[in-house]
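Chain by chain, the residues run as shown.
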Amino acid sequence: MATTWSPDARQALRRALVAAGNDGGYWAGRRYLFDAILADPGNRAHALLSRCRVDPSMVRTATRADENVSAEDQPRLPVVESLQTFGVVPARNATRPSRLLARILTAGASRLADADPVLYVMEMEAIRQAVRLGNSRVTTAHLVLATLVLHEELVTAGPWEPETVGALGSAGAILAARGVTSFSVGRHLATLSSFGDAAPKQRHRAWRTNPKHPKWTVAAAQAAEATRNASPQGQEDVSAGTARLFVSALADADDDAVRMLHRLSIDPAAVVKEAERLIAPQ
């Protein structure tokens, strides 16, 4: 028998989301959820506290007044955190790396992946999404999903000054403006069981054939390499954000990324044309 949510739990989740939205928040963390659970005097949580001789209203008041709870409620943003480590995105906490350390990490990542940190992080995120979704291959669709995740995380962690993040999330924003979310893309990818041929081994690209990771398809590897080669010395122009990777991933009309957009009722040619306008001329 499948596990399901009780009516009280579903109501609490809905209440937490509404409250967070009314406050202009992008997520409903522990404070909102805790407050929503205790807002209904007829549910089991309320009754449990009463049996323990704890006043639920006093607990709600204390939680609302605790600023530390709100600060700790922000969801983990692995893509943004990685870019903050490399100094690409400004960090907003005391644990941010020094400029010297950021330069060292950036140089190391660039030599390791033969690319700038943005492309390297996007490739790692594509792998992470394939693992999360239970896919046996990293495809061009996962590369597109990575750009969308970056956009959503930047929105969640924002607002940003335009000059601080530039066009990093530009490609994902193109899809987001059409109602596409990482959830809708992930839901599509989670149903797939047939993928293209695996890419062969390649020097300095060990993560694509690592037996601990899903292997990359030939098309996905070609898209990443096309992005590397799009700028002088194989370095992606960071000012173009993720637009080059986005365009490269959608270059093959018969591959997974294009098929995914068709399934989501998105015109691939239209989004590619919009992304191409974001790429600075050589």
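Preceding block: the structure.
Please read these numbers as outputs of a predicted model, since none were measured by experiment. One numbering rule holds for all chains: residues counted from 1, following each sequence as written. Local features are withheld for residues below a pLDDT of 70 in this predicted model, meaning they are given only at 70 or higher, and side-chain atom pairs are given and counted only at 80 or more; totals for whole chains, interfaces and linings count all residues. Note that water and hydrogens are dropped before the side-chain values are worked out from all heavy atoms of the structure.

Engineer: Which parts of the structure should I look at to understand the overall build of the chain?
Structural biologist: Counting from the N terminus, the helices are DSSP H or I runs at least four residues long and the strands are E runs at least two residues long. Along the chain, the regular secondary structure elements total 16 helices and two strands. With a 1.4 Å probe rolled over the protein chains alone, any residue whose accessible area is under 20% of its type maximum counts as buried; one over 50% counts as exposed, and the rest are partly exposed. Relative to its full complement of 282 residues, the chain shows a buried share of 43%. Any two residues whose heavy atoms approach within 4.5 Å at even a single point are treated as in contact. Contacts in the chain between residues at least 24 apart in sequence constitute 65% of all its contacts with a sequence separation of at least 6.

Engineer: Even after reading the chapter, I still don't get a nonpolar patch on the surface, so can you show me in this structure?
Structural biologist: A patch consists of residues whose relative accessible area exceeds 30% and which take part in no salt bridge; residues with like charges are grouped when within 9 Å of each other, and nonpolar side chains (Val, Leu, Ile, Met, Phe, Trp, Tyr) when within 5 Å. Residue exposure ignores everything except the shown protein chains as possible cover, and the areas themselves are Shrake-Rupley values with a 1.4 Å probe. We count a salt bridge whenever a side-chain nitrogen from Lys or Arg sits within 4 Å of a carboxyl oxygen from Asp or Glu. Together, Trp5, Leu13 and Leu33 make up a nonpolar patch on the protein surface, roughly 280 Å² of accessible area in all. For tryptophan 5, the location among the structural elements is in the segment before helix H1 (7-22).

Engineer: How should helix H16 (residues 268-276) be read in this particular structure?
Structural biologist: Helical geometry note: an α-helix holds 3.6 residues per turn, so side chains three or four residues apart project in the same direction. Within H16, the full set of buried residues consists of Pro268, Val271, Val272 and Ala275. All buried residues of H16 project into a common sector of 100° when viewed along the axis, lining one side. Turned more than 90 degrees from where H16 packs its buried face, Ala269 and Lys273 sit exposed. The backbone nitrogen of alanine 269 lies 3.2 Å from a side-chain oxygen of the residue at the head of H16, namely aspartate 267. The directions considered for the arc run from the helix axis to the C-beta atoms. Whenever two N or O atoms come within 3.5 Å, that pair is a polar contact, provided that in protein one can donate a hydrogen and the other can accept it, and provided that, for residues adjacent in sequence, both atoms are side-chain atoms.

Engineer: Before we go on, may I ask you to explain the nonpolar core in this structure?
Structural biologist: Generally speaking, a soluble globular protein has its nonpolar side chains buried in company with each other. Ranked by internal contacts, the top residues of the largest apolar core, which has 53 residues, are Leu175 and Leu250. If we skip the residues at most four places from it in the chain, leucine 250 touches Val144, Ala257, Val258, Leu261, Val271 and Val272. We call a set of buried Ala, Val, Leu, Ile, Met, Phe, Trp, Tyr and Cys residues a nonpolar core when their side-chain atoms join them within 4.5 Å.

Engineer: Hey, could you run me through the environment of alanine 45 in this one?
Structural biologist: Examined against the element boundaries, alanine 45 turns out to sit in helix H3 (residues 44-51). When the C-alpha positions of alanine 45 and alanine 9 are compared, they lie 9.8 Å apart, and in sequence the two are 36 residues distant.

Engineer: Could you clarify how one ought to interpret unusual backbone geometry in this entry?
Structural biologist: Note: most residues except glycine have negative phi, and most peptide bonds are trans. Located in the positive-phi region is arginine 53, a residue other than glycine, with phi close to 60°. Assignment of secondary structure puts arginine 53 in the loop between H3 and helix H4 (56-65). In this model, serine 265 sits at a positive phi of 60°, which is unusual for a non-glycine residue. When its relative accessible area of 67% is taken as the criterion, serine 265 is described as exposed.

Engineer: I'm lost on the packing of H1 against helix H2 (residues 30-38) in this one. Help?
Structural biologist: The axes of two packed helices give the description: the angle between them and the distance between them. Axis definition: a line fit to C-alpha positions, over the contact stretch in the case of helices; interaxial angles, taken between N-to-C directions, run 0 to 180 degrees. H2 packs onto H1 with a crossing angle of 125° between their chain directions and a minimal axis gap of 8 Å. As far as their axial angle goes, H2 and H1 are oblique. By crossing handedness, the relation of H1 to H2 is classed as right-handed. Along the contact surface, H1 presents Ala12, Leu13, Arg15, Ala16, Ala19 and Ala20, while H2 presents Tyr32, Leu33, Ala36 and Ile37. For the contact of H1 with H2, the residue count by class is nine nonpolar, no polar and one charged. Angle categories: roughly parallel below 35 degrees, roughly antiparallel above 145, roughly perpendicular from 65 to 115, and oblique for all the rest. For any pair of crossing helices, the crossing counts as left-handed if the nearer helix is rotated counterclockwise from the farther one by less than a right angle, and right-handed if it is rotated clockwise. When residue character is reported, Ala, Val, Leu, Ile, Met, Phe, Trp, Tyr, Cys and Pro are called nonpolar, Asp, Glu, Lys and Arg charged, and the others, Gly included, polar.

Engineer: Honestly, the side chain of histidine 46 in this entry has me stumped. Any pointers?
Structural biologist: On the secondary structure map, histidine 46 appears in helix H3. Apart from residues no more than four positions distant in its own chain, histidine 46 is found in contact with Leu38, Asp40, Pro41 and Pro56.

Engineer: Before we go on, may I ask you to explain the environment of proline 214 in this structure?
Structural biologist: Residue placement: proline 214 occurs in the loop between helix H12 (182-189) and strand E2 (215-216). Judged by its relative accessible area of 11%, proline 214 is buried. For proline 214, the residues in contact, after removing those within four places along its chain, are Ile127, Ala130, Val131, Asn135, Ser136, Arg137, Val138 and Arg208.

Engineer: Would you take a moment to explain the environment of arginine 30 for this structure?
Structural biologist: With respect to the helices and strands, the residue arginine 30 is situated in helix H2. Spatially, the C-alpha atom of arginine 30 lies 9.1 Å from that of alanine 16, the residues being 14 residues apart in sequence.

Engineer: For this particular structure, what's the right way to read the packing of aromatic side chains?
Structural biologist: Side-chain rings of Phe, Tyr and Trp (the six-membered ring for Trp) are treated as a pair once their centres are within 6.5 Å; stacked means planes under 30 degrees apart, edge-to-face means over 60, and tilted covers the remaining angles. If you walk through the whole model with that rule in mind, you get one aromatic pair. Aromatic side chains tyrosine 120 and tryptophan 207 sit 6.1 Å apart centroid to centroid with 85° between the ring planes, which places their arrangement in the edge-to-face category. Note that tyrosine 120 is positioned in helix H8 (residues 117-133) and tryptophan 207 in the loop between H12 and E2, a separation of 87 residues in sequence. The class of tyrosine 120 is buried, set by a relative accessible area of 17%. Accessibility expressed as a relative area gives 9% for tryptophan 207, which makes it buried. One cation-aromatic arrangement involves arginine 208 over tryptophan 216; the distance from NZ or CZ to the ring centre is 5.0 Å. We call a charge positioned above a ring when the Lys NZ or Arg CZ atom is no farther than 6 Å from the ring centre and deviates by at most 35 degrees from the ring normal.

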